[in-house]
Amino acid sequence: MSKIQEFNDLHSSQELLFLGNAWDLLSALMLEKAGFQAIGTTSGGIANSLGYADGELIDFQRHLNIIQTIAENVSIPVSADIEAGYGSDEQSIIDNVLRTADVGVAGINIEDSLKNQTGLKSVTEHCRLLTNLRAALDYHGFKDFFINARTDTYFQLEQPFEETMVRAKAYVESGASGIFIPGLTDFNDIKAMTSNIEAPINLLSLPGLTNCQQLKELGVRRFSFGNALSDKIIAYITQHAAQLLEDQNTSSLYV
């Protein structure tokens, strides 16, 4: 079975797909060893590991090299977070998605937010991109490649529910395999989304939204923690590096 088919099947199994988010090869290997069934890269974690803030500030090839290293060294499916596609025009984004598919990942996250200003792409513009992305992937032999269409409505709008529903349905009609709605935490809204959108819903872990079993009961098919684990690791290193210097003693490393 191909990684693409395996990844698709994980979204339709009886269990919620709990995705482990990696930012380098070591974190990916540790997540695989722990038993996660699939890995999603985290753009924020990758950016931080290279000394950048999130937001497409890294050269795309440099970002892709890390994704490729992960995909080539784990045996489980990998989904690549490529933000809004690292391109200023549709063709550049499509080319970058094809380059990403070529390194062996089973899917991508691609978002509808603008990178050089606040706001979201128009529904029409993003739907056209998704339609053309699907056609290009099919043409190049990546049938059923998982396009997880992320909408940033809950991060950018004061009253996001209706706009999210409109965008989600339109994105699915345009070729998206799943819908990612980071920032959605209200249980009633979650249930409405999973009941009315004909595609797997992916949510992002946030304070108060952490329990896989609860989310499964609400109809959520996929759950990920983004850069929360990498942030936790960075905080740990920061704290303990300062402690080592303050103590002038390395004994804490062996406790």
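Residues numbered from 1 in each chain as written. Predicted model: local features only at pLDDT ≥ 70, side-chain atom pairs only at ≥ 80, totals over all residues. Heavy atoms only, no water.

Trainee: Even after reading the chapter, I still don't get the environment of N227, so can you show me in this structure?
Mentor: Within the fold, N227 resides in the loop between β8 (222–224) and α11 (228–247). Given a relative accessible area of 31%, N227 falls into the partly exposed group. Put simply, N227 and G45 are 182 residues apart on the chain and 5.2 Å apart in space, counted from C-alpha to C-alpha. The contacts of N227, once residues within four sequence positions are left out, are T42, G44 and G45. (Helix = DSSP H or I, 4+ residues; strand = E, 2+ residues; numbered from the N terminus. Buried < 20%, exposed > 50% of the residue type's maximum accessible area, 1.4 Å probe, protein only. Contact = heavy atoms within 4.5 Å.)

Trainee: Could you clarify how one ought to interpret a nonpolar patch on the surface in this entry?
Mentor: Side chains of L229, I233, Y236 and I237 sit close together on the surface and give an oily, nonpolar patch of about 370 Å² of accessible area. For I237, the position within the fold is in helix α11. Of the residues examined, I237 reaches a relative accessible area of 52% and is grouped as exposed. (Patch = residues over 30% accessible without salt bridge, like charges linked within 9 Å, V, L, I, M, F, W, Y side chains within 5 Å. Areas by Shrake-Rupley, 256 points an atom, 1.4 Å probe, with all protein chains shown as cover. Salt bridge = Lys/Arg side-chain N within 4 Å of Asp/Glu carboxyl O.)

Trainee: I tried to follow the pairing of strand β5 (residues 146–150) on my own but got confused; where do I start?
Mentor: Along β5, five of the five residues are buried, which leaves the element largely enclosed by surrounding structure. Of the two faces of β5, the one lined by F146, N148 and R150 and the one lined by I147 and A149 are each fully buried. Since strand β4 (residues 107–111) and β5 lie parallel, the crossover through helix α6 (residues 123–139) that links them has a hand, and here it is right-handed. Bridge analysis of β5 against strand β6 (residues 178–180) gives three bridges, and the strand direction is parallel. (Right-handed = clockwise from strand over helix to strand, strands pointing away. Pairing = 2+ DSSP bridges.)

Trainee: Just checking my understanding: could you explain the sheet that holds β8 for this structure?
Mentor: The pairing of strands in a sheet happens through backbone hydrogen bonds and is either parallel or antiparallel. Taken together, the eight strands give a closed barrel; going around it, the order is β1-β2-β3-β4-β5-β6-β7-β8, and neighbouring strands pair in parallel fashion. With strand direction ignored, the average angle separating the axes of adjacent strands in the sheet is 25°. (Axes fitted to C-alpha atoms, helices over the stretch in contact; angles between N-to-C directions.)

Trainee: Looking at this structure, I do not really get the nonpolar core. What am I missing?
Mentor: Where a protein is soluble and globular, its nonpolar side chains tend to be buried together. Counting 70 residues, the largest nonpolar core has I39, I110, F145, I179, L203 and L215 as its most contacted members. Discounting residues that sit within four places of it in the chain, I179 has contacts with N148, A149, A168, Y171, V172, I197, P200, I201 and N202. (Core = buried A, V, L, I, M, F, W, Y, C linked by side-chain atoms within 4.5 Å.)

Trainee: Looking at this model, I keep getting lost on the pattern of salt bridges. Mind explaining?
Mentor: Side-chain pairs of opposite charge can arise whenever the charged atoms involved come near each other. In total, this model carries nine salt bridges according to the counting rule given. Taking the shortest distance from any N to any O, the salt bridge between E163 and R167 comes out at 2.7 Å. Separated by four residues within a single helix, E163 and R167 lie in helix α8 (residues 161–173), roughly one turn from each other.

Trainee: Got a minute to help me understand unusual backbone geometry in this structure?
Mentor: Residues apart from glycine generally show negative phi values, whereas peptide bonds are mostly found in trans. A positive phi is found at E83, a non-glycine position, where the angle reads about 50°. Positive phi values are uncommon outside glycine, yet Q248 reaches one of about 55°.

Trainee: How should I be thinking about the side chain of S230 in this particular structure?
Mentor: With respect to the helices and strands, the residue S230 is situated in helix α11. The class for S230 is buried, based on a relative accessible area of 3%. Discounting residues that sit within four places of it in the chain, S230 has contacts with W23 and G45.

Trainee: Would you take a moment to explain helix α5 (residues 90–102) for this structure?
Mentor: Note: α-helices contain 3.6 residues per turn, so residues at a spacing of three or four share the same orientation. Taking 1.5 Å as the rise per residue, α5 with 13 residues should run 18 Å; its terminal C-alpha atoms sit 18 Å apart, in good agreement. Three or more residues of α5 are buried, namely I93, I94, N96, V97, L98, T100 and A101. Where α5 starts, the residue carrying a side-chain oxygen 3.2 Å from the main-chain nitrogen of Q91 turns out to be D89. Downstream of α5 by a residue or two, G104 has a phi angle that is positive, lying close to 105°. (Expected span 1.5 Å × (residues − 1). Polar contact = N/O pair within 3.5 Å; in protein donor to acceptor, adjacent residues only side chain to side chain.)

Trainee: How should I be thinking about the side chain of R167 in this particular structure?
Mentor: Relative accessible area serves as the criterion here: at 5%, R167 is assigned to the buried category. The contacts of R167, once residues within four sequence positions are left out, are D112, L120, K121, S122, V123, T151 and T153.

Trainee: Help me out: how do you make sense of the environment of N196 in this one?
Mentor: Within the secondary structure, N196 sits in helix α9 (residues 187–196). Judged by relative accessible area, which is 40%, N196 ranks as partly exposed. Sequence-wise, N196 and K169 are 27 residues apart; in three dimensions their C-alpha atoms are separated by 8.4 Å. Leaving out residues up to four positions away in the same chain, N196 has contacts with M165 and K169. Polar side-chain contacts of N196 include one of 2.7 Å to the backbone oxygen of A192.

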